[in-house]
Amino acid sequence: MKKTKIDKKMKAKGRYNYKKTKRKKNKQYITLDNSFILLYTVCTGGEDMHIIINHTSMTPIYEQIVSQIRADIINGDMAPGTALPSVRMLSRELKISALTVKKAYDYLEEEGLVHTVHGKGSFIAEANQEMLMEERRKELEHDLDEAVRKARAGGLTDQEICDLFQLIMEGE
């Protein structure tokens, strides 16, 4: 098989994922994928679940999946009893290992957000309202802590931060 110029250039650069497709009338079609952030939409029942996987992030892929599904559950975007995509289907759609998806689902199950029925699939667990409120509080505490750190780095005193917070609360 004769190598084309584009094959040699792509191999030399070594940064493109490519695959050769079938030849049609002596033409070779090549698929290039040099994107950094990939967006995949996975349909689950009547709802759409959007998962964004950043392949260049230092965060492991299973943690990216867990955080996005957790956020959807906490925000109420995914109702209790909603079926998650099967491990195989999600791994095929995201083009990742099925073991990565299984690890993410297992982690969500440990947190009590998902329950798995062998042979049937994984489902959003009946939400414990206290647990959801605790998750929201943790997220809010993290955001407020970040804001206080930024304010102190900007030179504001604790009293000025409190005054600013009171002003914001009165505006609501």
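Predicted, not measured: the structure shown is a model, and the values here were computed from it.

Undergrad: Describe the overall build of the protein, listing the residues and the values that go with them.
TA: Within the protein, the regular secondary structure consists of 6 helices and 6 strands. Mapped from its N terminus to its C terminus, the protein presents α and β elements in the order α-β-β-β-β-α-α-α-β-β-α-α. Per-residue burial for the protein yields a buried fraction of 24% across its 172 residues. A separation threshold of at least 6 residues defines the contact pool for the protein, and within that pool the share at least 24 residues apart is 39%. If you sum the accessible surface of the protein, you get close to 12,800 Å²; carbon and sulfur atoms cover 54% of it.

Undergrad: Go over the environment of Ser57, please, and point to the residues and values.
TA: By the element assignment, Ser57 lies in the loop between strand S4 (47-54) and helix H2 (61-74). A polar contact is formed between the side chain of Ser57 and the backbone nitrogen of Thr59, at a distance of 3.0 Å.

Undergrad: Break down the pattern of salt bridges for me, with residues and values.
TA: The tally for this structure, following the rule as stated, stands at 5 salt bridges. The partner of Asp106 in a salt bridge is Lys102, with the nearest N and O atoms 3.0 Å apart. Pair noted here: Asp106 and Lys102 are both in helix H4 (residues 98-110), with a separation of 4 residues, about one helical turn. With a relative accessible area of 35%, Lys102 lands in the partly exposed category.

Undergrad: Which residues make up the pairing of strand S5 (residues 114-117), and what are the values?
TA: Examined bridge by bridge, S5 and strand S6 (residues 121-124) share 4 bridges and lie antiparallel to one another. Each bridged residue has a counterpart across the sheet, and for Val117 the counterpart in S6 is Gly121. As consecutive antiparallel partners, S5 and S6 are separated by 3 residues, and within that stretch Gly119 has a phi angle of approximately 90 degrees, a positive value.

Undergrad: Tell me about a nonpolar patch on the surface, and name the residues and values.
TA: On the surface, Leu140, Leu144, Phe165 and Met169 cluster together into a nonpolar patch covering about 380 Å² of accessible area. Secondary structure elements with two or more residues in the nonpolar patch: helix H5 (129-153) and helix H6 (158-171). According to the relative accessible area criterion, Met169 is partly exposed, its value standing at 48%.

Undergrad: Which residues make up the packing of helix H3 (residues 87-94) against H4, and what are the values?
TA: As a packed pair, H3 and H4 sit with axes 8 Å apart at the nearest point and diverge in direction by 120 degrees. Of the possible angle classes, the one that applies to H3 and H4 is oblique. In terms of crossing hand, the pair formed by H3 and H4 is right-handed. Where H3 approaches H4, its residues Val87, Leu90 and Ser91 are matched on the opposing element by Ala98, Val101, Lys102 and Tyr105. Its residues placed into classes, the contact of H3 with H4 shows 5 nonpolar, 1 polar and 1 charged.

Undergrad: So what about the confidence of the model for the protein? Which residues, and what values?
TA: Taken as a whole, the protein shows an average pLDDT of 77; of its residues, 70% reach a score of 70 or greater. Least confident of the elements in the protein is strand S1 (residues 17-20), whose mean pLDDT is 44; most confident is H4, at 94. Residue range residues 13-32 is modelled with pLDDT below 50. Its contacts to residues more than four positions away, or to other chains, number 35 contacts.

Undergrad: Can you lay out H4 for me, pointing to particular residues and giving the numbers?
TA: With 13 residues, H4 extends 18 Å from end C-alpha to end C-alpha; this agrees with the ideal 18 Å at 1.5 Å per step. Every buried residue of H4 is listed here: Val101, Ala104, Tyr105 and Leu108. The arc that holds every buried residue of H4, seen down its axis, measures 95 degrees, which confines them to one face. Across H4 from its buried face, at more than 90 degrees, point the exposed residues Leu99 and Glu110. On its buried face, H4 sits against H2, H3, S5 and S6. N-cap assignment for H4: the residue whose side-chain oxygen lies 3.1 Å from the backbone N of Leu99 is Ser97. Phi for Gly112, located one or two positions after H4, is positive at around 85 degrees.

Thresholds, definitions, all that
Residues numbered from 1 in each chain as written. Predicted model: local features only at pLDDT ≥ 70, side-chain atom pairs only at ≥ 80, totals over all residues. Heavy atoms only, no water. Helix = DSSP H or I, 4+ residues; strand = E, 2+ residues; numbered from the N terminus. Buried < 20%, exposed > 50% of the residue type's maximum accessible area, 1.4 Å probe, protein only. Contact = heavy atoms within 4.5 Å. Areas by Shrake-Rupley, 256 points an atom, 1.4 Å probe, with all protein chains shown as cover. Polar contact = N/O pair within 3.5 Å; in protein donor to acceptor, adjacent residues only side chain to side chain. Salt bridge = Lys/Arg side-chain N within 4 Å of Asp/Glu carboxyl O. Pairing = 2+ DSSP bridges. Patch = residues over 30% accessible without salt bridge, like charges linked within 9 Å, V, L, I, M, F, W, Y side chains within 5 Å. Axes fitted to C-alpha atoms, helices over the stretch in contact; angles between N-to-C directions. Parallel < 35°, antiparallel > 145°, perpendicular 65-115°, else oblique. Left-handed = near helix turned anticlockwise from the far one by under 90°. Nonpolar A, V, L, I, M, F, W, Y, C, P; charged D, E, K, R; others polar. pLDDT = per-residue confidence, 0-100. Expected span 1.5 Å × (residues − 1). Arc of directions from axis to C-beta.

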